[in-house]
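A closer look at the structure
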Amino acid sequence: MTNRLMTLALVIITMAGAALPAFAQDGNFVRDPSTITADEVNEIAKQMFCLECENIPLNVCGTQACIQWREEIRLQLAEGKTEDEILEYFRVNHGEHALADPRDPLLSGLTNIIPILVSVFAVGIGGFVLYRWQTGSSGAADAPRPAPTTPDASGPDNDYLTQLERDLNA
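Report on the accompanying structure. (Residues numbered from 1 in each chain as written. Predicted model: local features only at pLDDT ≥ 70, side-chain atom pairs only at ≥ 80, totals over all residues. Heavy atoms only, no water.)

Turning next to the overall build of the chain. The helix and strand tally for the chain stands at six helices and zero strands. The order of α-helices and β-strands along the chain, N terminus first, is α-α-α-α-α-α. When burial is assessed residue by residue, the chain has 15% of its 170 residues classed as buried. Taking the intrachain contacts of the chain between residues at least 6 apart in sequence as the baseline, contacts between residues at least 24 apart amount to 47%. (Helix = DSSP H or I, 4+ residues; strand = E, 2+ residues; numbered from the N terminus. Buried < 20%, exposed > 50% of the residue type's maximum accessible area, 1.4 Å probe, protein only. Contact = heavy atoms within 4.5 Å.)

In structure tokens:
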């Protein structure tokens, strides 16, 4: 029985010792900022827009402000912050327009539904125009036509106008 207790105690101590490194890390793991690669920074920066340039992603913009923002991302990554925490920080401090993907559910829903609505509307207008073109009706065709005026009752112009009237009324 003592052998069994000794073995059980040894297994428990070994398992506890193996788990100690996991307990030693507290989520705020600090890294040296120089070890953060440009790829890690750009992975977050590509989800943001430059506030000085129009529609330029932060990861490719060369303005001084964007360089500072990328450095801020590098420092926050070194502090152990997650991607979502960093994006939330920039949203809170610089506004919703700093992010490429709006976090507001209403804005996010609108960005998904508006292209669909515009497409349906365009197809509807196109179908209506095609239908009107196929049937040959133009709304103004049913309106009464004014009587043509003739300069005088004789001459080649009068014959032409008479023939034209017959062709149009047929």
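Moving on, we come to the nonpolar core. Ile44, Met48, Leu58, Ile73 and Leu77 are the most contacted members of the largest nonpolar core, which has 18 residues in total. Those elements that place two or more of their residues in this core are helix 2 (38-45), helix 3 (64-78) and helix 4 (83-94). Discounting residues that sit within four places of it in the chain, leucine 58 has contacts with Ala45, Met48, Phe49, Cys50, Cys66, Trp69, Arg70 and Ile73. (Core = buried A, V, L, I, M, F, W, Y, C linked by side-chain atoms within 4.5 Å.)

So, about the pattern of salt bridges. Within this structure, the stated rule accounts for four salt bridges. Salt-bridge contacts for glutamate 71 lead to arginine 74; the nearest nitrogen and oxygen are separated by 3.5 Å. Here glutamate 71 pairs with arginine 74, and both are found in helix 3, just three residues apart, close to one helical turn. (Salt bridge = Lys/Arg side-chain N within 4 Å of Asp/Glu carboxyl O.)

All right, on to the environment of aspartate 84 then. The topology assignment puts aspartate 84 in helix 4. For aspartate 84, a relative accessible area of 55% translates into the label exposed. Along the backbone, aspartate 84 and isoleucine 44 are 40 residues apart, and their C-alpha atoms lie at a distance of 9.0 Å.

Here we take up helix 4. A turn of α-helix holds 3.6 residues, and therefore any two residues three or four places apart point the same way. Here helix 4 is twelve residues long and its end C-alpha atoms lie 16 Å apart, about the 16 Å a rise of 1.5 Å per residue gives. Where helix 4 is concerned, the buried positions are Ile86, Leu87 and Phe90. What you see down the axis of helix 4 is that its buried residues fit within an arc of 95°, all on one side. Summarising the geometry of helix 4, the exposed residues directed more than 90 degrees from the buried face are Asp84 and Val92. Of the surrounding secondary structure, the elements contacted by the buried residues of helix 4 are helix 2 and helix 3. (Expected span 1.5 Å × (residues − 1). Arc of directions from axis to C-beta.)

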